Amino acid sequence: MMLLPRDLIARCAINFPNKMAYACGAEPRTWREMNPRSAAAARALRKLGVRQGDTVAYFGQECVAVYEHFFACMKLGAVRLGLNWRYSEKELSHLVRDSGARVILVDTRCEHLLAPLSATLAELGVTLVGCGVGGSLAINYERLLEVHAEDEPLVPVQIAGDDAL
């Protein structure tokens, strides 16, 4: 059996539950926290229509949600895309169109930077999820995690050697 990086998240939660997984400023996460949060994020993304091979982007500055998003994509077999908040409107538009991103997690500190792309994002049917305090997006990341924390178990997807991840 092949061990995949997504499997290491659960193993770290078992073997190193109280060790720091990631920290950004005053926002630390242990492996015990990271595993179920990333699983809840994966379930939430699935409910938003993300399937294996789909692209999920993160747009914003560094925070712990970046890594939860990365792990959630691994668990779903989705492609993770990082969108730099310093990109121009033209660069962002190209990346979103070219990647076929279905969902973009948006750092609320950078939400205003996507305003010029609102028509393009709507035309492409991209779902925006706000990450962080405040923000005006209809869907909130922390709320999604709460709602999907106790959902059905997350069954690992089968991954072939030529699958995009």
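Use the structure listed above.
Calculation rules
Residues numbered from 1 in each chain as written. Predicted model: local features only at pLDDT ≥ 70, side-chain atom pairs only at ≥ 80, totals over all residues. Heavy atoms only, no water. Core = buried A, V, L, I, M, F, W, Y, C linked by side-chain atoms within 4.5 Å. Buried < 20%, exposed > 50% of the residue type's maximum accessible area, 1.4 Å probe, protein only. Helix = DSSP H or I, 4+ residues; strand = E, 2+ residues; numbered from the N terminus. Contact = heavy atoms within 4.5 Å. Pairing = 2+ DSSP bridges. Right-handed = clockwise from strand over helix to strand, strands pointing away. Expected span 1.5 Å × (residues − 1). Axes fitted to C-alpha atoms, helices over the stretch in contact; angles between N-to-C directions. Left-handed = near helix turned anticlockwise from the far one by under 90°. Nonpolar A, V, L, I, M, F, W, Y, C, P; charged D, E, K, R; others polar. Salt bridge = Lys/Arg side-chain N within 4 Å of Asp/Glu carboxyl O.

Moving on, we come to the nonpolar core. Of all hydrophobic cores here, the largest spans 22 residues; its most connected members are Leu45, Val50, Val56, Val103, Leu105 and Tyr141. Among the secondary structure elements, those contributing two or more residues to this core are α2 (31-47), β3 (55-59), α3 (64-76), β5 (103-107), β6 (127-131) and α6 (141-148). With near-sequence residues (within four places) excluded, Val103 lies in contact with Leu45, Leu48, Val50, Thr55, Val56, Ala57, Val126, Thr127 and Val129.

Time to look at the pairing of β5. Of all 5 residues in β5, 5 are buried; the element is thus mostly enclosed. The alternating pattern of β5 places Val103, Leu105 and Asp107 and Ile104 and Val106 on opposite faces, both of which are buried. Bridge analysis of β3 against β5 gives 4 bridges, and the strand direction is parallel. Within β5, the residue paired with Ala57 across the bridge is Ile104. Here β5 pairs with β6 via 5 bridges, running parallel. In the strand pairing of β6, Ile104 is matched with Leu128. You can see the chain leave β5, run along helix α5 (residues 118-124) and come back into β6, and the turn it takes is right-handed.

Its 13 residues give α3 an end-to-end C-alpha distance of 19 Å, which sits within 8% of 18 Å, the value for a rise of 1.5 Å per residue. Of all 13 residues making up α3, 11 are buried, and the element is well covered by its neighbours. By the burial criterion, the buried members of α3 are Val64, Ala65, Val66, Glu68, His69, Phe71, Ala72, Cys73, Met74, Lys75 and Leu76.

A few words on the packing of helix α1 (residues 5-15) against α3. How two helices sit against one another is set out by the angle between their axes and by the gap between those axes. Contact pair α1 / α3: the axes reach a minimum separation of 8 Å and the direction vectors enclose 115°. Considering how the two elements wind past one another, α1 and α3 form a crossing that is left-handed. Mapping the contact onto sequence places Pro5, Arg6 and Ile9 in α1 and Phe71, Met74 and Lys75 in α3. Of the residues in the contact of α1 with α3, the class split is 4 nonpolar, no polar and 2 charged.

Turning our attention to the sheet that holds β5. Strand order in the open sheet made by the 5 strands is β4-β3-β5-β6-β7, with parallel pairing throughout. Each edge of the sheet is formed by a strand with only one pairing partner; in this case those strands are β4 (79-83) and β7 (139-140). Bridging between β3 and β4 involves 5 bridges; their strand directions are parallel. In the strand pairing of β4, Tyr58 is matched with Gly82. Contacts from helix α4 (residues 89-99) reach β3, β4 and β5 within the one sheet, and its direction differs from that of β4 by about 175°.

Attention now moves to the pattern of salt bridges. Under the defined criterion, the tally for this structure stands at 8 salt bridges. Arg37 serves as the salt-bridge partner of Glu68, at 2.5 Å between the closest nitrogen and oxygen. Separated by 31 residues along the polypeptide, Glu68 in helix α3 and Arg37 in helix α2 bring together distant segments of the chain. Grouping residues by exposure puts Glu68 and Arg37 together as buried. For Arg97, the salt bridge identified is with Glu123, shortest N-O distance 3.4 Å. Within this pair, whereas Arg97 is found in helix α4, its partner Glu123 is found in helix α5, the two being separated by 26 residues in sequence. Taking the relative accessible area as the measure of exposure, Glu123 reaches 57% and is therefore exposed. Connected through shared salt-bridge partners, Glu27, Arg29, Arg37, Glu68 and Glu142 make up one network.

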